[in-house]
Amino acid sequence: RTGSYLDPPDKIGLASLTGSQMRAGGTTSMNAADFDEEAAFLAAQIGSRVGATSGGANMNCLTKDLDTCLDMFFDMLQYPAFDENRLALAKSQAIQGMERRNDATGSIEGREFARLMRGDAHFTTSRRTRASVEAITRDDLVAFHRRYYHPDNFLFAASGDVQADAILAELERRLAGWSGRAEPVPAIPVPDFTPEPGLYLVDKPDVNQGRVAIGHLGTTRDDPDRYKLLVMNDILGGGGFSARLLTRIRSDEGLAYSASSSFGVGIYYPGVFQAGFQSRSETVARATAIVLEEIERIRTEPVMEAELRNSIAYFVETFSRNFSSAASTAGLFASDEYTGRDPAYLAAYRDNIASVTADDVLDVAQRYLDPDALVILVVGNLEATLAGDPERPEYSLEEMRPGEGVRIPLPDPFTMEYP
């Protein structure tokens, strides 16, 4: 139970570096090179990471090597050495990576859409800077590890060629004598921000395609309308080649290679509804209009019976993939345990999906999709994009969202300061 949300404001990146360097930096009994060599010799996969709201470590090996690999795994968990040279290399690579922050429209779109949804004060939009990475020391990693890596804070999932009693005994033996800490882990902060609807523009003159994200806040995972929303979004844009957005924008109009939507259901706070595509600069406005039309259509017309039937069948028939292996089964139950979700929902999942009707889809579309709340973000060559298609002058981004739009400048990639 840890995560990058626990990064100190002046040392953004500490959690991530701690997670990666636990594996990369060796242990107090085996230096980094020897640890790498032994793992390779055993053909064992041993890893460690820290994400936004959780940390994770994994081990995968042949059963005959289980005892040796468990020793290495727990050595990494309890006694990481955080090799200074490996840490210096990781920090250098992180800083070098910052140089490319404004190169790809995809990464720009993801970063700026997150800011438009969550604001600048939430941990999900806090970015590493040169200064924050350079400020991180080995002592910081040691302190972070000491604070969050102990038995009271762990959840284990095991799967494969092992018996439950046997693997439990092996885990308990290695945890024995490793003291925990009673201090609770701080709660994950909820965003204190309301997105402002409008048209937002990021100029990238060196590209010939525009990338567009359209959306607003979604809901939470435990929302009783969750299953209806799954089906609604699948028909709108989540269902691949059978979804309305891809059918119209790619198949019917030939304006984009892909177009899709997702309706986010957050665990700790509402997720995000987002529709998007990438199209030639001159056809961005036309494709955007289609997305808005399809959002309005699913809010005003019942979906066709064939669409509903195909979507329900997809969810029901693919449900078993969650249990396709011992690893996926153990991982699913561990994830639900970690996030406090009652696994009883699994038993009723297919029935809940199968009970969704066309009226249900229309109802949730009307209540959860709000055209007046939409944020439209466009990243691309704005001169060409705003000029539009001379053969279809009726499509204009400014007319979809009256006004010239809010221009978002590209930040300095090393300081993340915006002009």
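Everything here concerns the structure above.
Reference entry: report on the structure contained in this document. (Residues numbered from 1 in each chain as written. Predicted model: local features only at pLDDT ≥ 70, side-chain atom pairs only at ≥ 80, totals over all residues. Heavy atoms only, no water.)

### Details of the sheet that holds strand 4 (residues 209-217)
Strand pairing in a sheet relies on backbone hydrogen bonds. The paired strands run either parallel or antiparallel. One open sheet accounts for six strands, arranged 6-8-4-9-3-10; its pairing is mixed. Looking at which strands have only one partner, the edges of the open sheet turn out to be strand 6 (256-263) and strand 10 (406-407). Judged from the six bridges that link them, strand 6 and strand 8 (residues 272-280) form a sheet pairing that is antiparallel. Considered in strand 8, the bridge of Ala 259 is made with Phe 277. Packed onto the sheet, helix 11 (residues 284-300) meets strand 4, strand 8 and strand 9 (375-380) and runs at close to 150° relative to strand 8. (Pairing = 2+ DSSP bridges. Helix = DSSP H or I, 4+ residues; strand = E, 2+ residues; numbered from the N terminus. Contact = heavy atoms within 4.5 Å. Axes fitted to C-alpha atoms, helices over the stretch in contact; angles between N-to-C directions.)

### Things to note about the packing of helix 3 (residues 66-78) against helix 8 (residues 164-175)
Two elements in contact, helix 3 and helix 8, have axes separated by 11 Å at closest approach and are oriented at 35°. Crossing of helix 3 against helix 8: the hand is right-handed. Taking contact as the criterion, the partners of Leu 66, Asp 67, Leu 70, Asp 71 and Phe 74 in helix 3 are, on helix 8, Ile 167, Glu 170, Leu 171, Arg 173, Arg 174 and Leu 175. Tallied by class, residues from the contact of helix 3 with helix 8 come to six nonpolar, no polar and five charged. (Left-handed = near helix turned anticlockwise from the far one by under 90°. Nonpolar A, V, L, I, M, F, W, Y, C, P; charged D, E, K, R; others polar.)

### A closer look at the side chain of Asn 153
Tracing the chain through its elements places Asn 153 in the loop between helix 7 (138-148) and helix 8. Given a relative accessible area of 12%, Asn 153 falls into the buried group. Side-chain polar atoms of Asn 153 contact the backbone oxygen of Arg 1, separated by 2.8 Å. The contact partners of Asn 153, leaving out residues within four places of it in the chain, are Arg 1, Tyr 148 and Val 185. (Buried < 20%, exposed > 50% of the residue type's maximum accessible area, 1.4 Å probe, protein only. Polar contact = N/O pair within 3.5 Å; in protein donor to acceptor, adjacent residues only side chain to side chain.)

### Regarding the pattern of salt bridges
Inspection of the entire model under this criterion finds 26 salt bridges. The closest approach of N and O atoms between Lys 204 and Asp 206, which form a salt bridge, is 3.0 Å. A residue is classified by how much of its surface remains accessible, and Lys 204, at 6% relative accessible area, is buried. Overall, the relative accessible area of 59% leaves Asp 206 in the exposed class. The residue Asp 363 makes a salt bridge to Arg 367 at a minimum N-O spacing of 2.8 Å. Placement of both Asp 363 and Arg 367 in helix 15 (residues 358-368) is noted, with a separation of four residues, approximately one turn of the helix. One salt-bridge network, in which partners are shared between bridges, spans Asp 67, Asp 71, Glu 170, Arg 173 and Arg 174. (Salt bridge = Lys/Arg side-chain N within 4 Å of Asp/Glu carboxyl O.)

### Topic: the nonpolar core
One finds Val 231, Met 232, Ile 249, Ile 298 and Leu 369 to be the most contacted residues of the largest nonpolar core, which totals 52 residues. Ranked by residues supplied to this core, first place goes to helix 11 with eight residues. Apart from residues lying up to four places away in sequence, Leu 369 is in contact with His 216, Met 232, Leu 236, Phe 263, Phe 273, Ile 295, Ile 298, Arg 299 and Val 364. Listed in part, the 36 residues of the second largest apolar core include Leu 42, Phe 82, Tyr 148 and Trp 178. (Core = buried A, V, L, I, M, F, W, Y, C linked by side-chain atoms within 4.5 Å.)

### Quick look at the pairing of strand 4
In terms of strand pairing, strand 4 meets strand 8 through nine bridges, oriented antiparallel. Bridge assignment links Ile 214 to a residue of strand 8, and that residue is Ala 275. By the bridge criterion, five bridges tie strand 4 to strand 9 in an arrangement that is antiparallel. Across the sheet, the residue bridging to Arg 211 is Val 379, located in strand 9.

### Concerning the state of the cysteines
Counting across every chain of the model gives zero disulfides. Here Cys 61 is not cross-linked by a disulfide; its sulfur's nearest cysteine counterpart is in Cys 69, at 3.9 Å. Overall, the relative accessible area of 0% leaves Cys 69 in the buried class. (Disulfide = S-S within 2.5 Å.)

### Considering helix 15
Every buried residue belonging to helix 15 is among Ala 358, Asp 360, Val 361, Leu 362, Val 364, Ala 365 and Tyr 368, and all of these are buried. Taken together, the buried residues of helix 15 touch strand 4, strand 5 (219-220), helix 9 (226-238), strand 6, helix 11 and helix 12 (305-318).

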